[in-house]
Amino acid sequence: DNIAYTTYGLEAHQDLCYYEGTPGIQLLHCLKFDDCVDGGENNFVDGFAVAKRLQQEQPEHFRTLCDLPATFHYVTDRHHMEFHRPHITLDAYTNDLLSIAWSPMFEVCARL
């Protein structure tokens, strides 16, 4: 019941945003790839570079993503995981970019 194990394409996203502690880095490793398999390509996005560009070009939108919490959740018949966090987190003292949370397929309406 995980979309990652289907043949559907996945848009750019971060895994496990519904956990309090998300992975700092994930490595993908293909053990076997048959010529008859279609797909399997991966794309990577530098979220920090995107956030910095957004901050320069659209500062109001950037602040909105820093200030409003998003609700990420994952539900199966066995469990329901949910966590609230802003899409962009800045260091409270230095204002440096600390983290990005981007996973539209696991995001629901914000609970304010």
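Residues numbered from 1 in each chain as written. Predicted model: local features only at pLDDT ≥ 70, side-chain atom pairs only at ≥ 80, totals over all residues. Heavy atoms only, no water.

### Remarks on the overall build of the protein
As a reminder, the rule being used: Put simply, DSSP H or I for four residues or longer makes a helix, DSSP E for two residues or longer makes a strand, and each gets a number counted from the N terminus. Residue exposure (1.4 Å probe, protein chains only): buried if accessible area is under 20% of the type maximum, exposed if over 50%, otherwise partly exposed. Charged residues are defined narrowly, with Lys and Arg counted positive, Asp and Glu counted negative, and His plus the chain ends left uncounted. For charged residues, the charge sits on one atom: NZ in Lys, CZ in Arg, CG in Asp, CD in Glu.
For the protein, the count of helices and strands is two helices and five strands. Along its sequence from the N terminus, the protein presents helices and strands in the succession α-α-β-β-β-β-β. Dimensions along the principal axes, computed over C-alpha positions, put the protein at roughly 50 × 35 × 20 Å. Counting only residues that meet the buried cut, the protein has 17% of its 112 residues in that class. The centroid of the 7 positive side-chain charges in the protein is displaced by 4 Å from the centroid of its 17 negative side-chain charges.

### A short note on the packing of helix α1 (residues 47-57) against helix α2 (residues 59-67)
Here is the rule we go by: All axes are obtained by fitting lines to C-alpha atoms, using only the stretch in contact for helices, and the reported angles, taken between N-to-C directions, cover 0 to 180 degrees. The cut-offs work like this: below 35 degrees is roughly parallel, past 145 is roughly antiparallel, 65 to 115 is roughly perpendicular, and the gaps in between are oblique. We call two residues in contact when some of their heavy atoms are within 4.5 Å.
The N-to-C vectors of α1 and α2 enclose an angle of 130 degrees; their axes lie 5 Å apart at closest approach. Classified by the angle between their axes, α1 and α2 sit oblique to one another. Taking contact as the criterion, the partners of Ala-51, Leu-54, Gln-55, Gln-56 and Glu-57 in α1 are, on α2, Pro-59, His-61, Phe-62 and Leu-65.

### Quick notes on the environment of Pro-59
As for its position among the elements, Pro-59 is in helix α2. Taking the C-alpha atoms as reference points, Pro-59 and Leu-16, separated by 43 residues in sequence, lie 27 Å from one another.

### Quick notes on the environment of Asp-38
Along the chain, the position of Asp-38 falls in the segment before α1. Under the relative-accessibility criterion, Asp-38 is labelled exposed at 79%. The spacing of Asp-38 and Thr-89 is 51 residues in sequence and 37 Å in space, taken between C-alpha atoms.

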